[in-house]
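Coordinate analysis (summary)
Spelled out, the chains give:
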Amino acid sequence: MKKEIFILLSVFLSAHARAQLIGSFASGDFDKGDKHVYYRNCIGCKEFLIDYIPNTVGYTGMFAEEKSKFLDSVCRAHIAKNGNRVRSTLPGINYDSAGVQFFVQGLTPAKAPDFEYRVLEDDQRELVPWSPVTRFVETEFDATYPTDPEMASLGTFKTGWGHYLSVDVRKKGSDTIITTSTVVWKETSPVILGVFSNKSLNDFLTVFKKQWQHEFVTSSTSEERKKKDSLLLLRNDFLSGDNNLIFYLDNKIASKEIVEYKLTGPGGTTPWKPNDFDFNFIWLKDLPPGKYMLQVRFSVQRHKVTDYPFEIRPAWHQTAAFKIISGSLITAFFAFIFVLFRLWRQQQKLLAVELKNARTESRLGMIRSQLNPHFVFNALNSIQGLMNKKDIPAANKYLARFGHLVRDSLMGKNADSVSLDQEIHLLDTYLQLEQLRFNFRYKIETDPDLPIFETEIPSLLLQPLVENAVKHGVSTLYENGEIGLLFKKQGKDMVAELSDNGPGFDFAPPFEGYGFRLTTERISLFNELSGDRTIYFQVNSDPGKGTHVLVIFKNCL
Amino acid sequence: MRLSAVIIDDEQNNIDNLRSLLAEYCPQVDVVAGAGNAAEGKSSILQYSPDLVFLDIQMPGKNGFDLLQSLPNYDFEVIFVTAYDQYGIQAVKFAAIDYLLKPIDTDELKRAVEKVFLKSRQKKQNLQLENLLQLLHHRQKKEEHRLALPTAKEIRYVRTADIVRCESSNSYTSFYLYNGEKLLVSRPVYEYEEVLKDYGFIRCHQSHLVNLKYVKSWVKEDGGYLYLEDKTEIPVSRNKRELVRMTIERGI
């Protein structure tokens, strides 16, 4: 959309002014629909041929509400240099950096040869010397004076910020300047007049309501001024709850695009953005505690920025110390809960494992090998036989051995495992006693590498197997019977090999050997408890070929 | 040289039996008296001043230990004889004194008498016995109990608190003491495990018996080991981990 919108800055002294004048400032109609503002003024032009010089200033949407001080200084400078101007004019203000077009109404092509114009900067430097008027435009923008179809167009001129340009027109050959137009390039940025928070919302509404009232703005009376000053406070420090802030600007604006702001705070920096409202205030909502910098500028003068620092204090529960303390308390609390939970779960697990182990152990205890009653009484019977044969030394010897065996068997109830040395001793005693009855031969061998005093095995585990070898193996062979028991080292494992040269048997279901069944069950229970120290048990037996039992104690060395 | 002996047992049959066994297997022993209770035993010992006393631990009324405690001095050797007495045997083992279990194994009898025979060549105060009575007297003060360690040269009496650890080498056991000394004893480690388990020792490995008092930390890496105060690292067997854990949890 074409942004060239015309403001015809009025000249104060006009009698025909339709414009509403506020104080010493120029103001005018406001066409909301097109956002076009037309100002026109009329110099008492009838005496002169030339009406006045309208100029076009880029539309900024800012309501010129300048402090008279500034204009006064420009005006004074301008008026002081009035020279041979017929009358002084108040300068128009241009907030845009763009150039301004100057026209002369009533200066038609027919009259033009009699007139000349010039352009002065700050009433000193001649930008354009006295020159003839050569260009014209249709006078379409002022229907009030349709007398002349065309008017002179002097051109577009611009100067730097803070300078002003004057365009003068005179009759050729005359020194008297009959009409003039001045425009100041005014550098400006929004001025924050007061800051209101949610607690002072009423004050804000009072100020905002009254800002359009002439009396309030001009603050004619000292009382009014006092009242205004008491309402307009430039606060920088706000409590934690006071975090909805309204920054009230002095420059009324036509639309929100005119003012831009940028906020730097604890959450970072928001990029420059247009105001959120079409009014002259910036409303920041729900600001978290921290230090802030609000920057405000007009979109037409982005280089000129107003800085406004302020701070929102943290509430006691928002302070760093509180956050650290509460954070660590919360962390500690959850850690505590977590640890409790872990402990509880571990406890449960442990209990479950212990319960299972206890069950397994009690079953183990129940089936833990005991000396077969059959054997006990047969052994006693053998000793009786020795006594009757008057073999007193042998009777002494075997009775003592039998005592050891019974003792070990009873003690075995209290000890899960015994050293291999003790177990071998027990088996030897047992075999000696059985030898008394059946007169077989036997041999117990141990691998010299085997640490028999250190290696531990479940107590009386092998006894039922050895008993089987005697009972089902060699018992019918008498002096031809042979039993071999070999313990050897195999890496980290120990292997016990038990063999007999008995008749063997068909080791297939429904084989129901008490000793084997007992041993198998005991081994499987033991394996449940012992981790990787498992025991592997294997029986090879064929009718006529003897029996070979292999017990592998995994990882027991 | 002959040995004079007193047999103290509450059953006359047992006295007769031992007497005939000695006559048969240890002819160098002269049984000078048999006593059926502690009081009789005391007067027999005082009267005969024997080289050797066969003493039944379990007797009605005063037991064998009470009898010994009532004596003024111990210039004789003792072989304890018992049928079944867990506690008494533990103490006797701790003091490394010989004992016989009923029914009596003639081989063991011969061995025990042989040892007495060697010792009593010089008649002197029986320190082993004194040590035993000392520890029986202070049953609760375990830290005062001295373990009798029969080394090749002598019998050493070592407070259990001064033993850092024991290491097995076959049927021998090496004792590593707090002062850096090492004693080698001709007994398998499992015998000491049994004796020392009530004194805060743990068999964390088949070759190692460790005094928990000297365990600094249980390092679980590398299969797990115990780091001791003397900077040694003692391995923990996988199957002993649970035992070690439970023992350590109960409090080092």
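Residues numbered from 1 in each chain as written. Chains lettered and ligands numbered in written order. Predicted model: local features only at pLDDT ≥ 70, side-chain atom pairs only at ≥ 80, totals over all residues. Heavy atoms only, no water.

**A word on the overall build of chain B**
The criterion, for reference: Secondary structure elements follow DSSP: runs of H or I no shorter than four residues count as helices, runs of E no shorter than two count as strands, and numbering proceeds from the N terminus. Exposure is judged per residue with a 1.4 Å probe applied to protein chains only, and the accessible area is read against the type maximum: over 50% gives exposed, under 20% gives buried, and values in between give partly exposed. In what follows, residue pairs with any heavy atoms lying within 4.5 Å of each other are defined as contacts. Areas reported here follow the Shrake-Rupley algorithm with a probe of radius 1.4 Å; residue values treat only the protein chains shown as occluding.
Within chain B, the regular secondary structure consists of eight helices and 15 strands. Out of the 252 residues belonging to chain B, those deemed buried represent 50%. In chain B, of all internal contacts separated by at least 6 residues, the share reaching a separation of at least 24 is 58%. Surface summary for chain B: the accessible area is close to 12000 Å², and the carbon and sulfur share equals 46%.

**Some remarks on the overall build of chain A**
Of the regular secondary structure elements, chain A holds ten helices and 26 strands. Looking at chain A as a whole, 46% of its 557 residues are labelled buried. For chain A, restricting intrachain contacts to residue pairs at least 6 apart in sequence, the fraction spanning at least 24 positions comes to 71%. In the form shown here, chain A has an accessible surface area of approximately 28700 Å², with 56% of it arising from carbon and sulfur atoms.

**Topic: the interface of chain A and chain B**
Going by this rule: Buried area is a sum: the accessible area each of two parts loses on coming together, probed at 1.4 Å, counted once for each and added. By convention in these notes, a salt bridge is any Lys or Arg side-chain nitrogen within 4 Å of a carboxyl oxygen on Asp or Glu. In protein, a polar contact means a hydrogen-donor-capable atom and an acceptor-capable atom, both N or O and within 3.5 Å, with residues adjacent in sequence counting only if both atoms are side-chain atoms; elsewhere, any N or O pair within 3.5 Å suffices.
In this complex, chain A contributes 23 residues to the contact, which on the side of chain B involves 28 residues. When the two sides are added together, the surface that chain A and chain B hide from each other amounts to roughly 2100 Å², 45% of it contributed by carbon and sulfur. Area buried by chain A at its contact with chain B is led by Arg407, Phe453 and Glu454 of chain A, which between them contribute 32% of it. Remark: the boundary between chain A and chain B carries four salt bridges. Between Arg203 of chain B and Glu456 of chain A there is a salt bridge, with the nearest N and O atoms lying 3.2 Å from each other. Where chain A packs against chain B, one counts eleven residue pairs in polar contact (both at pLDDT 80 or more).

**As for helix 6 (residues 127-137) of chain B**
Residue and element names in this part refer to chain B. Considered for burial, the residues of helix 6 that qualify are Gln128, Leu129, Asn131, Leu132, Leu133, Leu135 and Leu136. Contacts from the buried residues of helix 6 go to helix 3 (64-69), strand 4 (77-82), helix 4 (86-94), helix 5 (106-119), strand 6 (146-150) and strand 7 (155-159). The N-cap of helix 6, judged by a side-chain oxygen 3.2 Å from the amide nitrogen of Gln128 a few residues on, is Asn126.

**Focus: the environment of Leu132 of chain B**
All names here are of chain B. Topologically, Leu132 is positioned in helix 6. For the pair Leu132 and Ala91, spaced 41 residues apart in sequence, the C-alpha to C-alpha distance is 6.9 Å. Those residues within four positions of Leu132 in sequence are excluded, and the remaining contacts are Phe65, Phe80, Ala91, Val92, Ala95 and Ile97.

**Points about the sheet that holds strand 23 (residues 482-490) of chain A**
Residue and element names in this part refer to chain A. This is how the line gets drawn: By definition, two strands form a pair when at least two bridges between them are found by DSSP. Only the stretch in contact is used when fitting a helix axis, every axis being a line fitted to C-alpha atoms; angles between N-to-C directions are given from 0 to 180 degrees.
The five strands lie next to each other as 21-23-24-26-25, forming an open sheet whose pairing is mixed. At either margin of the open sheet sits one strand with a lone partner, and together these are strand 21 (441-446) and strand 25 (535-541). With strand direction ignored, the average angle separating the axes of adjacent strands in the sheet is 10 degrees. Pairing between strand 23 and strand 24 (residues 493-500): eight bridges, direction antiparallel. Bridged to Leu486 within strand 24 is Glu497. Docked against the sheet, helix 9 (residues 463-474) engages strand 23, strand 24, strand 25 and strand 26 (547-553), running at close to 20 degrees with respect to strand 24.

**A short note on the side chain of Thr547 of chain A**
Residues and elements named next belong to chain A. Among the secondary structure elements, Thr547 is positioned in strand 26. Looking at Thr547, the relative accessible area reads 5%, which means it is buried. At 3.0 Å, the side chain of Thr547 and the side chain of Ser541 are in polar contact. Once you skip the residues sitting within four places of it in the chain, Thr547 turns out to touch Leu498, Ser499, Asp500, Gly504, Phe505, Val539, Asn540 and Ser541.

**Some thoughts on the confidence of the model for chain B**
Rules: pLDDT is defined as a per-residue confidence score from the predictor, taking values between 0 and 100.
When pLDDT is averaged across chain B, the result is 89; 97% of the residues are at 70 or more. In the model output, the complex is listed with pTM 0.55 alongside ipTM 0.82.

**Some thoughts on a nonpolar patch on the surface**
Residue and element names in this part refer to chain A. Note the threshold: Within this analysis, patches are made of residues with over 30% relative accessible area and no salt bridge. Like charges are joined at 9 Å or less; nonpolar side chains (Val, Leu, Ile, Met, Phe, Trp, Tyr) at 5 Å or less.
Among the surface-exposed residues, Ile330, Phe333, Phe334, Phe336, Ile337, Phe338, Val339, Leu340 and Leu343 lie close enough to one another that they form a single nonpolar patch of about 890 Å² accessible area. Considering the arrangement of structural elements, one finds Leu343 in helix 5 (residues 320-367). Relative accessible area serves as the criterion here: at 46%, Leu343 is assigned to the partly exposed category.

**Some thoughts on the side chain of Asp9 of chain B**
Residues and elements named next belong to chain B. Mapped onto the secondary structure, Asp9 falls in the loop between strand 1 (3-8) and helix 1 (12-25). Asp9 sits in the buried class, given a relative accessible area of 4%. One polar contact links Asp9 to Asn14, side chain to side chain, over a distance of 3.4 Å.

**Focus on the sheet that holds strand 9 (residues 164-171) of chain A**
Residue and element names in this part refer to chain A. Reading across the sheet, the five strands line up as 3-10-9-5-6 and stay open at both edges, with mixed pairing between neighbours. Edge strands, defined here as strands with exactly one partner in the open sheet, are strand 3 (92-94) and strand 6 (125-132). On average, each strand axis in the sheet is tilted by 20 degrees relative to the strand beside it, whichever way the strands run. In this sheet, strand 9 lies alongside strand 5 (residues 115-121) in antiparallel orientation, the contact comprising seven bridges.

**Regarding the nonpolar core**
Let me state the cut-off plainly: The nonpolar core is taken to be a set of buried Ala, Val, Leu, Ile, Met, Phe, Trp, Tyr and Cys residues, with the residues joined through side-chain atoms within 4.5 Å.
Residues Phe375, Leu462, Ile483, Phe487, Val551 and Phe553 of chain A are the most contacted members of the largest nonpolar core, which totals 50 residues. It is helix 8 (residues 420-438) of chain A that provides the largest number of residues to this core, a total of eight residues. When sequence neighbours within four positions are dropped, the list of residues in contact with Phe487 of chain A reads Leu420, Ile424, Leu427, Ile444, Glu445, Thr446, Asp447, Leu450, Leu462, Met494, Val495 and Ala496 of chain A. In this structure, Ala33, Leu71, Leu147 and Leu149 of chain B belong to the second largest nonpolar core, which totals 46 residues.

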